[in-house]
Amino acid sequence: MTYDVAAFTPYSFHTGQKIHIEGSRRHGDWEVAAVGEHTVTLRCPISKKEFEWPIFCYLVEEKHDEIWPRET
């Protein structure tokens, strides 16, 4: 059987990157202050406050007619 499947992947942040986040509680403009193995530290460009969060995922694409669940 096939299904429509939403695919998610961690985004590869890099230090110094300027980003804009839409549609979440973290919305707005940020600078990537640091990237760890499992966390990203974002700095507000206005207040300069920094927040460390687990690396979060983004919707990359929606796939159609995918086999689900996948066998690995």
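Look above for the structure.
It should be emphasised that the depicted structure is a prediction, and the values quoted were computed from it without experimental measurement. (Residues numbered from 1 in each chain as written. Predicted model: local features only at pLDDT ≥ 70, side-chain atom pairs only at ≥ 80, totals over all residues. Heavy atoms only, no water.)

This paragraph deals with the nonpolar core. Looking at soluble globular proteins, one finds that nonpolar side chains tend to be buried together. The biggest cluster of nonpolar side chains holds ten residues, and these are Phe13, Ile19, Ile21, Trp30, Val32, Val40, Leu42, Cys44, Trp53 and Phe56. Breaking this core down by element, the ones donating at least two residues are β2 (18-21), β3 (28-35) and β4 (39-43). If we ignore the near neighbours within four places in the chain, the residues touching valine 40 are Phe13, Val32, Ala34, Val35, Phe51, Glu52, Trp53, Ile55 and Phe56. (Core = buried A, V, L, I, M, F, W, Y, C linked by side-chain atoms within 4.5 Å. Buried < 20%, exposed > 50% of the residue type's maximum accessible area, 1.4 Å probe, protein only. Helix = DSSP H or I, 4+ residues; strand = E, 2+ residues; numbered from the N terminus. Contact = heavy atoms within 4.5 Å.)

For the coordinates displayed, the defined rule picks out nine aromatic pairs. A ring pair is formed by tryptophan 30 and phenylalanine 51, whose centres lie 5.8 Å apart and whose planes are at 90°; its orientation type is edge-to-face. Of this pair, tryptophan 30 sits in strand β3 while phenylalanine 51 is found in strand β5 (residues 50-54), placing the two residues 21 residues apart along the sequence. Judged by its relative accessible area of 34%, phenylalanine 51 is partly exposed. Seen from their ring centres, tryptophan 30 and tryptophan 53 are 5.6 Å apart, and the 85° between their planes marks the pair as edge-to-face. (Phe/Tyr/Trp six-rings, centres within 6.5 Å; stacked < 30°, edge-to-face > 60°.)

Turning to the pattern of salt bridges, a few remarks are in order. All told, the structure shown has three salt bridges when counted by the stated rule. The residue lysine 18 makes a salt bridge to glutamate 31 at a minimum N-O spacing of 3.4 Å. A residue pair is termed long-range when its members are at least 10 positions apart, and lysine 18 in strand β2 and glutamate 31 in strand β3 qualify at 13 residues. Arginine 43 is the partner of glutamate 50 in a salt bridge, and the nearest nitrogen-oxygen pair spans 2.9 Å. Residue glutamate 50 is classed as partly exposed on the basis of its relative accessible area, which comes to 43%. In this structure arginine 43 comes out as partly exposed when scored by relative accessible area, which is 22%. (Salt bridge = Lys/Arg side-chain N within 4 Å of Asp/Glu carboxyl O.)

Glancing now at the pairing of β3. Sheet topology note: the β2/β3 ladder contains four bridges and is antiparallel. Directly across from isoleucine 19, in β3, lies its bridge partner tryptophan 30. Between β2 and the antiparallel strand that follows it, β3, lie six residues; glycine 23 among them carries a positive phi value of about 70°. Bridge count between β3 and β4: four bridges; the pairing is antiparallel. Its bridge partner being in β4, alanine 34 is matched across the sheet by threonine 41. The loop that links β3 with its antiparallel partner β4 comprises three residues. (Pairing = 2+ DSSP bridges.)

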